[in-house]
Amino acid sequence: MNGNHLTSEEMDALLMDAEARERSQHLRVCGACAEEFESLQAAVSELRAAVIASAEKHRRVAVMPAPAHRTPRAMWSLVAAAMLLCVAGPVVLHHSPAHVAVVQMPKPEAEVAVSEASDAQLMSDIQQDLSSSVPQEMLPLTAKDASASATGPTSSSKENE
Amino acid sequence: MMPQQSLQSGELTLAENGSESVTPFDDIAAVHALYEERIFRFLLLSVRDRDVALTLTQDTFLNAWRTRANFRGECSIATWLMYIAMNLLRSHTRTESFRFWKRVGDTAVSADDLKSQLPHPERSAESRLMAQQELEQIWQKVEKLSRPQRAIFLLRFVEEAELAEIARVMNMPVPTVKSHLYRALDHIRAGRETGSRKKERR
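These numbers come from a predicted model, not from an experiment.

## Quick notes on the overall build of chain A
Alright, step 1. Check the secondary structure of chain A and you find eight helices and zero strands.
Alright, step 2. The helix and strand sequence of chain A, counted from the amino end, reads α-α-α-α-α-α-α-α.
Alright, step 3. Across the 161 residues that make up chain A, the buried fraction comes to 17%.
Alright, step 4. At a minimum sequence separation of 6, the contacts of chain A that also span at least 24 residues come to 32%.

Listed below in structure tokens is the structure:
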């Protein structure tokens with residue numbers, strides 16, 4: 001006790017120990033000390049309340065990221081997709097003739113089919129030629145001989161006559 | 001030996017089935033739900049980095065569950081958790097002291113944060129401004145306290161822990177805790193008086 005008032009150490013002791021505070025008779029009779037003590041106690045209480053509220057705000061941010069962060073991420077995803085489209089679009093369009101070539105692939109197959117058919121026809125002709133006794137190219141000649149042989153005896157007989 | 005602290009209403013109690021192996025930490029989810037906020041707050045104010053505080057909070061509960069067999073109920077659950085958190089904090093600041101100081105201010109509780117969280121918003125603008133200034137001065141003084149003083153101050157006046165509990169958490173005798181607390185309060189009071197003198201000059 002400093003004169004008639006509490007020293008700072010005594011004030012601190014009262015602030016630290018709730019039981020000592022209740023036992024203190026001086027705070028009840030000394031208005032100046034009571035006022036100073038209440039002021040100090042109020043400052044500490046406000047600090048406590050503000051610290052708890054602020055820490056809780058930090059905890060919420062730490063435990064659960066704010067949804068506000070999701071919107072920029074979604075926007076960035078959209079921007080990235082648009083950029084990808086811009087880059088990939090011309091490349092795809094540039095290579096479109098390749099797709100046309102792929103589409104036109106059945107045409108050579110048709111040509112192959114036609115050539116196969118003509119080959120088959122040729123082979124059948126050759127086969128027919130081989131199987132026949134007289135080659136096709138010589139058929140006109142044999143036909144002339146046949147007609148000549150058919151008419152020959154008559155003409156010779158006429159000549160003989 | 002630490003005197004047994006009475007558990008507050010709403011807190012977990014030790015199982016009374018006679019089985020020594022059963023501890024409150026067996027139901028770690030319930031313990032986490034009750035004490036996570038308090039442990040995170042203490043670590044955030046001590047380490048001054050939100051992400052590190054969250055990691056250390058998770059480590060605190062993990063260690064509490066792993067060492068649950070060592071819990072004999074000689075202290076409260078909160079004191080036990082604070083003790084583990086304090087040990088983790090010591091390890092962290094010992095190994096990463098450089099980064100610890102470097103990160104300060106980025107995701108820490110700042111004076112501006114506190115001013116915006118000041119209670120009683122219905123008071124007058126002048127009164128509110130004065131309270132904000134006083135809060136800022138006190139917080140600046142708290143920030144400048146040494147680590148033990150700061151931790152003890154926060155445990156006493158933010159977490160409202162008893163001196164014996166603080167002694168258990170800090171692993172130091174009660175008179176040493178009192179000595180740190182006296183110095184911390186003296187420092188803060190000096191800053192407060194300086195602030196009030198400045199106001200009077202105006």
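## Focus: the overall build of chain B
Alright, step 1. If you tally the helices and strands in chain B, you get nine helices and zero strands.
Alright, step 2. When burial is assessed residue by residue, chain B has 46% of its 202 residues classed as buried.
Alright, step 3. A total accessible area of about 10,600 Å² is found for chain B, and carbon and sulfur atoms account for 48% of it.

## Considering the confidence of the model for chain A
The predicted coordinates should not be examined in detail at positions where pLDDT is low.
Alright, step 1. A residue-level look at chain A finds 68% of positions with pLDDT of 70 or above and a mean pLDDT of 74.
Alright, step 2. Confidence drops under pLDDT 50 across residues 152-161 of chain A; counting only partners more than four residues distant or on other chains, this segment forms zero contacts.

## Brief notes about the packing of aromatic side chains
Residue and element names in this part refer to chain B.
Alright, step 1. With the rule as written, the count across this model stands at three aromatic pairs over all chains.
Alright, step 2. Relative to W80, the ring of F71 has its centre 5.3 Å away and its plane inclined at 70°; by these criteria the two rings are edge-to-face.
Alright, step 3. Looking at F71, the relative accessible area reads 5%, which means it is buried.
Alright, step 4. A residue is classified by how much of its surface remains accessible, and W80, at 11% relative accessible area, is buried.
Alright, step 5. Their ring planes at 50° and their centres at 5.1 Å tell us that F153 and F157 sit as a pair that is tilted. Placement of both F153 and F157 in helix α7 (residues 147-157) is noted, with a separation of four residues, approximately one turn of the helix. As far as burial versus exposure is concerned, F153 and F157 are alike and both buried.
Alright, step 6. Through pairs of rings, three or more aromatic residues link up here, namely F25, F71 and W80.
Alright, step 7. Residue placement shows R168 over the ring face of Y83; its charged tip is 4.7 Å from the ring centre.

## Regarding empty space enclosed by the protein
Over the atoms rolls a probe the size of a water molecule, and its path tells where empty space is left.
Alright, step 1. Counting across every chain of the model gives one cavity of 30 Å³ or more.
Alright, step 2. By volume, the largest cavity amounts to about 40 Å³.
Alright, step 3. Looking at the largest cavity, the residues that line it are L40, V44 and L47 of chain A together with I138, F153, L185 and I188 of chain B.
Alright, step 4. Only α4 (31-63) of chain A together with α9 (174-201) of chain B provide two or more residues apiece to the lining of the largest cavity.
Alright, step 5. At three residues, α4 of chain A tops the list of elements feeding residues into the lining of the largest cavity.

## What about the interface of chain A and chain B?
Alright, step 1. Each partner contributes to the interface: chain A provides 31 residues, whereas chain B provides 36 residues.
Alright, step 2. Taken together, the two surfaces of chain A and chain B that pack against each other cover about 3,100 Å², and 64% of this comes from carbon and sulfur.
Alright, step 3. Broken down residue by residue, the surface that chain A buries against chain B is led by M16, L47 and H58 of chain A, which jointly contribute 23%.
Alright, step 4. On inspection of chain A and its partner chain B, the count reaches four salt bridges.
Alright, step 5. At the junction of chain A and chain B, the tally comes to seven residue pairs in polar contact (both at pLDDT 80 or more).
Alright, step 6. Take the side of chain A that touches chain B: its biggest share by element is 22 residues, from α4 of chain A.
Alright, step 7. Residue composition of the side of chain A that touches chain B, grouped by class: 18 nonpolar, four polar and nine charged.

What counts, and at which threshold
Residues numbered from 1 in each chain as written. Chains lettered and ligands numbered in written order. Predicted model: local features only at pLDDT ≥ 70, side-chain atom pairs only at ≥ 80, totals over all residues. Heavy atoms only, no water. Helix = DSSP H or I, 4+ residues; strand = E, 2+ residues; numbered from the N terminus. Buried < 20%, exposed > 50% of the residue type's maximum accessible area, 1.4 Å probe, protein only. Contact = heavy atoms within 4.5 Å. Areas by Shrake-Rupley, 256 points an atom, 1.4 Å probe, with all protein chains shown as cover. pLDDT = per-residue confidence, 0-100. Phe/Tyr/Trp six-rings, centres within 6.5 Å; stacked < 30°, edge-to-face > 60°. Lys NZ or Arg CZ within 6 Å of the ring centre and 35° of its normal. 1 Å grid on protein atoms, 1.4 Å probe; cavity = no way out; pocket = protein on both sides within 12 Å on 5 of 7 lines; lining within 4 Å. Points joined across faces, edges and corners; volume = space filled by probe spheres on them. Buried area = accessible area lost by both parts, 1.4 Å probe. Salt bridge = Lys/Arg side-chain N within 4 Å of Asp/Glu carboxyl O. Polar contact = N/O pair within 3.5 Å; in protein donor to acceptor, adjacent residues only side chain to side chain. Nonpolar A, V, L, I, M, F, W, Y, C, P; charged D, E, K, R; others polar.

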